[in-house]
Amino acid sequence: MALFAKYLRIGSTVKHGFQAFPQLTTAKYSVYPPHFAEPVYKKQELDKLYESGEIENYKLIPFKAAKSNETCSIFHDPMVAKFINYMLLKGQKKLAREVLEKTFEKIKKLQLEKYNRETDPEKKASMIIDPVVILKKAVANSKPLLKLTAVKRGGSFYQVPVPITDKESTFYAMRWFVQCGREKDKSISFADFMATELIKASNNDGKVVNKKLDLHKQCEANRAYAHYRWS
Amino acid sequence: MMALQRLFNNLATSKLNTPKLLSNFVPRCSYGLNNVGSDDPDVEIIEKKIVEEKTSLAMRAYLQRATQYNSFMQQQTHEYNVGKRHLANMMGVDPETFTQSDIDVAIDYLFPSGLYDPKARPLMKPPSEVFPSKKDAEFDESGRPFHVFFYTGKPNFYLILHNIATKLSELNKFEDSLRKNNILPDPDKKLTSLGSQWLSKEDLEKLTVEKLSDHEYKNFVIAIERLLKHPCSYKYGEFISDYQKPMISTKAIIESAPVEYTKDGRAFVTVKDCPRKDARADVTVYYPGTGKLSINGKGIEFFDDIQAREQILFPLLFTDMVDKVDIHATVRGGGVSGKAGAIRFGISWSLRSFVDPETVERMRIAGLLQKDYRRRERKKPGQARARRKFTWKKR
Amino acid sequence: MRAYRRLCGYATAAVKQETQYQIPTAARTEKKNPVDHDSQDVSKFYTIDPKTVSNIFQTGGLPKPFTEQTNMFAETALMIRQPALEVINSLKSTDFQKPAVRYLLYGQTGSGKSLSLAHILHYAYSSKFILYHIPYVPIWLKYDRKEVNWSSSKNGMADIPLIAAQWLKHFVHQNGALLNELNLTTSQDYVWSQRETTPQGTTLNELVTHGINRAKYACDCMDILLNELKAHCSNNRCKMLVAIDGFNAFFNEKTDLKTEDRVKVTPQQITMVQTGLSAVLSDWNNGAIIMVTSPRAALNTKRESHLPIYLIGRQGFEHIDPFIPVMVPELSTVEFNNMLDYYEEKRWLQKPGGRKELEFLTSKLPADLMARCAPL
């Protein structure tokens, strides 16, 4: 699989650092003119910009208003906010957030139980209880390297394996979690299900990681069609 | 007219004052129908009058319009200046130091208007701002155009593009000459477009006094960006900056609201009508404070929602003023999120006065000082909602 | 693989950070008996023996979120706070020959009233008080229960037999051993029906057991029990502590309860409520009465204020006047920090720092703090 990935010349995952220049996003339709940049609201990131001197570039550009779900608080994490947005249905942000908070609580409960039962000090020290860390690890473990796209050649559609960007990959991983959650048994609550699923995924197990591995298998099986990308 | 003078830098043009034109009339062909010639240029030959009349009919109408416009503008400017002096006398101010802002204040005082649209209210501005500029005569009475690019239909605009193109080829030659001597263009001098944006289509139309299509404007942007990207573009920095304007004016953000003082000497700032969606908030921040919060008479429990509470905390946490200020806010209209956003903006806007300029800049970059103008998108006819279309049925 | 390791690095870095960042330990006190608690122990945690916890609170008394927390942390740790200490000190120094003194704990939702009451109950239990404890009044009055009958003994009043039986079980669980020790008996005959009588001299335990077995008479049993206990207390045979949580629910305007003939009953029409109200009267001595008013107990009818006069109304005020009001405030700074230290010690709060934010967001109400720290 790794060799195959190399063949398709996919770069290593780009570390999400802050940009040297502010991100000017071009929206198809936006209240803001196109030269407005996305705000930088985390204190640490701003400090880094001041240190490196790149802040001079930022001083010349107007910035959009900060979103309603973003704060500079240490308890706010952009990936968690993104995950809440993926869980969102019919604009009920409050409900989505509550469900995710319950999920985190359940993760903590499960992990604390294990932690309190564990006697080996090494294992104990390496046990992760922080639900945000588990979420990040779970998403990282379920990120696919390729996806299949339908390419029309000679009247029929072939499923061609194609590389994807880091952003798209993260999107797929998070969406699979939510999709599996929506397919779950009605008797289990979403929070319970998600908690167990996230913990399993952080240990490279569970439905979502299996989904990713299935996708990789299919890509491997369809490697003969890879050249259809360029025909 | 000044703008046109600038554009014609590269061309030698005659003066555009029309009366002189008529007096400088030179017959197109000295030999012709009647074979009558004269060495004296002041002598007018009568036969040529027929040719004169044919060519100058269209020209005369055109010139008439141009002279009419010029004399109109002169008259308006004269009236404006006289009126300005009258107004200064009425207001009891020295006419010499009567600025445009003083005029605005005076008009507002003398003619108070209840009209909603600011553009409908009475105003007194220099005629150049009120009346759109028109081009002078573009061709002489024989029909020969003055501008090289007249037959493009938009000579000023295509002159700009032409200049960009010539400059680009010159820069290429320059770069070639550098590289021949194994010198690379100086990377430190390279121009960036950070902090400035290109003139908008409207600005360019104003500059060229020509109506442009979107396609043409796009071409202009592509061309000038290409010129900017050139590593040696610093040579024509002045030319490029003619078509740039700054991205932001920080004036509104630097000018903070006035600081008032209570009887006990506590400083406070009030910001009225902070908007967010349909909510409006009046926020007062008292500076030497202890972290008390009052929203419509209640504390933080006014908001059940944790997100709303976090939004109010945001500016205070960002500036480390959580327990250093007291906040008193009244909010009306909108929903939970709107109310929270309005109060957040009010707190940020007030905190500018109690915080050093660097922190104000940080707040601006964090997006706290920008009014959120996003509103609910309207439903469109033929669609179910703002974006959602009706279910597509094949038949 | 490298990206994965990098993320794992994040996890281990978090662990490394732990070794650099010292996880705080909460300030605790070793005194397990509330009798020994004094003003020096304010803001400290004390743990209750699991056996004692099950003796007092198994059938009710601790809020549900709190019991879940005790399961997770494997210990029942209460914070010693000023209001509870005040009441305990007052109890220590009361003259029990005088009529029973009334205390009223009041405060905002989530300010820690129920847990203060639990602390006082623990004190009373250790001091051999009989606990006449109603864990949370709205449980009696919520829901449209099916088994609401018109009382046979009291005209125009309704019974909820199963709830009364449940409460009697709770009573016996808390006080069974103590009653055996004190060997209190009934002072007169009680005739239930043609065939059933409880003769004079039966132990109160037997009386209660009868009430549990014959749910039909459970409400009457409750009433009789109360009167007997009052009589015994007045005769210096025993001490009693009446503890009622959600007291203002007695004065709600309506309930959802309906009798078999689909008639809605108000709280004042229910026999158990009247028993509760008579428990609060000062016609006995050798004991104390502690009431807790909670905005939540008003069941979404009264939202304007948390103050007792608003919640119990004029009628209620006149019923319990005079009383000693005890306000349960938000956590003080020391208490707040100690509580967060406790959560960090138990590895419940995973992200250190951010205390100012929590202070602002929860306005230092302990229940809100518990809810806020749950996902963090």
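Keep in mind that this is a model prediction, so the values were computed, not measured. (Residues numbered from 1 in each chain as written. Chains lettered and ligands numbered in written order. Predicted model: local features only at pLDDT ≥ 70, side-chain atom pairs only at ≥ 80, totals over all residues. Heavy atoms only, no water.)

Residues and elements named next belong to chain C. The parallel open sheet is built from five strands, whose spatial order is β4-β9-β10-β3-β11. Each of the sheet's edge strands pairs with one partner strand only, and the pair in question is β4 (130-134) and β11 (324-327). Strand-to-strand, the axes of this sheet are offset by a mean angle of 15°, without reference to chain direction. The pairing of strand β9 (residues 240-245) with strand β10 (residues 287-292) spans six bridges and is classified as parallel. Considered in β10, the bridge of Ile244 is made with Met291. The strands touched by helix α5 (residues 113-126) are β3 (101-106), β4, β9 and β10; relative to β9, the strand with the most contacts, the crossing angle is about 165°. (Pairing = 2+ DSSP bridges. Helix = DSSP H or I, 4+ residues; strand = E, 2+ residues; numbered from the N terminus. Axes fitted to C-alpha atoms, helices over the stretch in contact; angles between N-to-C directions. Contact = heavy atoms within 4.5 Å.)

Core analysis: the biggest nonpolar cluster contains 60 residues, and C:Tyr132, C:Phe247 and C:Phe250 have the highest contact counts within it. The leading source of residues in this core is helix α9 (residues 218-234) of chain C, at nine residues. The residues touching C:Phe250, leaving out its near neighbours within four places in the chain, are C:Ile134, C:Val137, C:Trp140, C:Ile244, C:Pro267, C:Gln268, C:Val273, C:Gly276 and C:Leu277. Listed in part, the 56 residues of the second largest apolar core include A:Ala66, B:Phe303, B:Val325 and B:Val360. (Core = buried A, V, L, I, M, F, W, Y, C linked by side-chain atoms within 4.5 Å. Buried < 20%, exposed > 50% of the residue type's maximum accessible area, 1.4 Å probe, protein only.)

For the rest of this paragraph, the subject is the pattern of salt bridges. With the rule as written, the count across this model stands at 51 salt bridges over all chains. B:Lys135 is the salt-bridge partner of B:Glu210, the closest N and O atoms lying 2.6 Å from each other. A residue pair is termed long-range when its members are at least 10 positions apart, and B:Glu210 in the loop between α7 (201-208) and α8 (214-229) and B:Lys135 in the loop between α5 (127-130) and α6 (155-180) qualify at 75 residues. Accessibility classification places B:Glu210 together with B:Lys135 in one group, the buried group. B:Arg266 is the salt-bridge partner of B:Asp326, the closest N and O atoms lying 3.0 Å from each other. Of the two residues, B:Asp326 sits in strand β7 (residues 326-332) while B:Arg266 sits in the loop between β3 (260-261) and β4 (267-276), which places them 60 residues apart along the sequence. With a relative accessible area of 25%, B:Arg266 lands in the partly exposed category. The network of salt bridges with shared partners includes A:Arg97, A:Glu101, B:Glu310 and C:Arg372. (Salt bridge = Lys/Arg side-chain N within 4 Å of Asp/Glu carboxyl O.)

Residues and elements named next belong to chain C. With an omega dihedral of -5°, the bond running from Asp321 to Pro322 counts as a cis peptide bond. Mapped onto the fold, Pro322 is located in the loop between α11 (308-320) and β11. Here Asn236, not a glycine, exhibits a phi torsion of approximately 60°, which is positive. Tracing the chain through its elements places Asn236 in the loop between α9 and β9.

As recorded in UniProt, the feature "domain: Small ribosomal subunit protein uS7" (unreviewed entry) lies at residues 72-223 of chain A. For residues 72-223 of chain A, the end-to-end C-alpha separation is 45 Å, with 64% helix and 11% strand making up the annotated structure. (UniProt positions renumbered as here; feature names shortened; annotations may be inferred.)

Once that is clear, we can look at the side chain of C:Lys302. Topologically, C:Lys302 is positioned in the loop between β10 and α11. Only 3.0 Å separates the side chain of C:Lys302 from the backbone oxygen of C:Leu311, close enough to count as a polar contact. (Polar contact = N/O pair within 3.5 Å; in protein donor to acceptor, adjacent residues only side chain to side chain.)

Further remarks concern the packing of helix α4 (residues 78-87) of chain A against helix α8 (residues 166-182) of chain A. Residues and elements named next belong to chain A. Look at α4 against α8: their axes get within 10 Å of each other, and the N-to-C directions meet at 45°. Comparing their axes, α8 and α4 come out oblique. Crossing geometry of α4 relative to α8 is assigned as right-handed. Contacts between α4 and α8 pair Met79, Lys82, Phe83, Tyr86 and Met87 from the former with Thr170, Phe171, Met174, Phe177, Val178 and Arg182 from the latter. Of the residues that constitute the contact of α4 with α8, the class distribution is eight nonpolar, one polar and two charged. (Parallel < 35°, antiparallel > 145°, perpendicular 65-115°, else oblique. Left-handed = near helix turned anticlockwise from the far one by under 90°. Nonpolar A, V, L, I, M, F, W, Y, C, P; charged D, E, K, R; others polar.)

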